[in-house]
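Here are the chains, one letter per residue:
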Amino acid sequence: MVYKIFSQKGTPKLAVLVDPDKQSAESLVRLAKLAVNCKADFFFVGGSLLTENSFEQAIITLKTHSNIPVVIFPGNNYQLSKHADAILFLSLISGRNPEYLIGQHVIAAPFVKGTGIEVIPTGYILIDGGKISTTSYITQTVPIPADKPEVAISTAIAGEMLGMKMIYLEAGSGAKYPVSANMIKEVKKNIGVPLIVGGGIRTAEQAEEVCAAGADVLVIGNALEKNPELLMEISLAVHGTKKTPLR
Ligand code: 1GP
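Below is a short write-up of the structure. (Residues numbered from 1 in each chain as written. Predicted model: local features only at pLDDT ≥ 70, side-chain atom pairs only at ≥ 80, totals over all residues. Heavy atoms only, no water.)

## Observations concerning the overall build of the protein chain
Regarding its fold elements, the protein chain presents ten helices and eight strands. A compact globule built from 247 residues would reach a C-alpha radius of gyration of about 18 Å, and the protein chain, at 16 Å, matches this within 12%. Seen along its three principal axes, the alpha-carbon backbone of the protein chain occupies a region of about 45 × 40 × 35 Å. Across the 247 residues in the protein chain, those meeting the buried criterion constitute 55%. Long-range pairs, those at least 24 residues apart, make up 73% of the contacts in the protein chain between residues at least 6 apart in sequence. By element, 57% of the accessible surface of the protein chain is carried by carbon and sulfur atoms, the whole surface being about 11,300 Å². Side-chain charges of the protein chain comprise 23 positive and 22 negative groups, with the mean position of each set lying 6 Å from the other. (Helix = DSSP H or I, 4+ residues; strand = E, 2+ residues; numbered from the N terminus. Rg over C-alpha atoms; globule rule 2.2 N^0.38 Å. Buried < 20%, exposed > 50% of the residue type's maximum accessible area, 1.4 Å probe, protein only. Contact = heavy atoms within 4.5 Å. Areas by Shrake-Rupley, 256 points an atom, 1.4 Å probe, with all protein chains shown as cover. Lys, Arg positive; Asp, Glu negative; His and termini not counted. Charge placed at Lys NZ, Arg CZ, Asp CG, Glu CD.)

This is the structure:
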């Protein structure tokens, strides 16, 4: 069960985000092998906007060339596959667009059920990362201002009360600034479910800061597309931090 790994004690987990549009068949195989060497814990596959028809093949390639669990991180209801191990069933709870709160889910639910893959209900919270993110534009939602931790806390608490099993603090892929340590700490203090943090993390120092603040899972995508070798440093930083216990 993938959720069990998310909530394990010990050290935080590392998720490598794969945007299928940005990978060739060869680069995906290389990434799969590199992730195994670097002891990455998950692949997240998806994106706010995918224009190539390579989503399912990317999942199959990652499954063929690694033993790392593949988790769908869907941007919409076209990004579904029975070949994945699990899906983050994301509800964009920082936004007020019904399509991304429940609409896409209704359309996807019967198909997802039919695949038999593990479903992990996740409260997805978009935080301002210093520039307009694709997620914000595509979903037509406003991110929570980076200096308003109280809004993020209340949103995360509400998500947990609604039954979500994970909270994801997202600054947006390629964000100028990752979610701040203060925001992560404050949210973590107020929830009892695992916390995923991603968006704009580019260095091992940032990864260490994010994990020390309380992230249970760190997601990295964009920076690896430019420099895949960074993965080893990031992995050492993430796995070298002691995890803040779940309440
Ligand atoms: C985006 O949180 C992920 O959805 C990862 O962000 O691509 O900036 O690493 P980056």
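## Notes on the layout of surface pockets
Taken as a whole, the largest pocket spans an internal volume of roughly 800 Å³. For the largest pocket, the lining is made up of 46 residues, of which Gly47, Ser48, Phe73, Tyr124 and Thr135 are closest to its centre. Broken down by secondary-structure element, the contributors of at least two residues to the lining of the largest pocket are β4 (86–92), α4 (98–115), α5 (134–139), β6 (166–170), β8 (217–220) and α9 (222–226). Taken together, the residues of the lining of the largest pocket sort by class into 21 nonpolar, 19 polar and six charged. (1 Å grid on protein atoms, 1.4 Å probe; cavity = no way out; pocket = protein on both sides within 12 Å on 5 of 7 lines; lining within 4 Å. Points joined across faces, edges and corners; volume = space filled by probe spheres on them. Nonpolar A, V, L, I, M, F, W, Y, C, P; charged D, E, K, R; others polar.)

## Here we look at the packing of aromatic side chains
Applying the stated rule across the entire model yields seven aromatic pairs. A centroid spacing of 5.8 Å and a plane angle of 85° characterise the contact between Phe73 and Tyr124, whose relative ring orientation is edge-to-face. Pair noted here: Phe73 is in the loop between β3 (70–72) and β4 and Tyr124 is in strand β5 (residues 118–126), with a separation of 51 residues, a long-range link. Exposure class is identical for Phe73 and Tyr124. Each is buried. Within the aromatic cluster, the residues linked to one another by ring pairs are Phe6, Phe42, Phe44, Phe73, Tyr124 and Tyr168. (Phe/Tyr/Trp six-rings, centres within 6.5 Å; stacked < 30°, edge-to-face > 60°.)

## Digging into α4
Counted at 1.5 Å a residue, the expected span for α4 with its 18 residues is 26 Å, and the 25 Å between its end C-alpha atoms agrees. A maximum bend of about 45° is found in α4 at Ala108, where proline Pro110 lies one to four positions downstream. Where α4 is concerned, the buried positions are Tyr100, Gly103, Gln104, His105, Ala108, Val112 and Thr115. On the buried face of α4, the contacting elements are β4, β5 and α5. Gly116 sits one or two positions beyond α4 and adopts a positive phi of about 75°. (Expected span 1.5 Å × (residues − 1). Bend = angle between axes of the 7 residues up to and from the residue.)

## Comments concerning a positive patch on the surface
Taken together, Lys131, Lys176, Arg202 and Lys226 make up a surface patch of like positive charges. Position of Lys176 among the secondary structure elements: in the loop between β6 and α7 (181–190). (Patch = residues over 30% accessible without salt bridge, like charges linked within 9 Å, V, L, I, M, F, W, Y side chains within 5 Å. Salt bridge = Lys/Arg side-chain N within 4 Å of Asp/Glu carboxyl O.)

## Structural notes on the nonpolar core
Looking at soluble globular proteins, one finds that nonpolar side chains tend to be buried together. By size, the foremost hydrophobic cluster in this structure holds 63 residues, and its most contacted members are Phe43, Leu169 and Leu218. Once you skip the residues sitting within four places of it in the chain, Leu218 turns out to touch Lys13, Leu14, Ala15, Val197, Ile201, Ala207, Val210, Cys211, Ile234 and Val238. Among the nonpolar cores identified, the runner-up in size contains 21 residues, and Val2, Phe6, Leu92 and Tyr100 belong to it. (Core = buried A, V, L, I, M, F, W, Y, C linked by side-chain atoms within 4.5 Å.)

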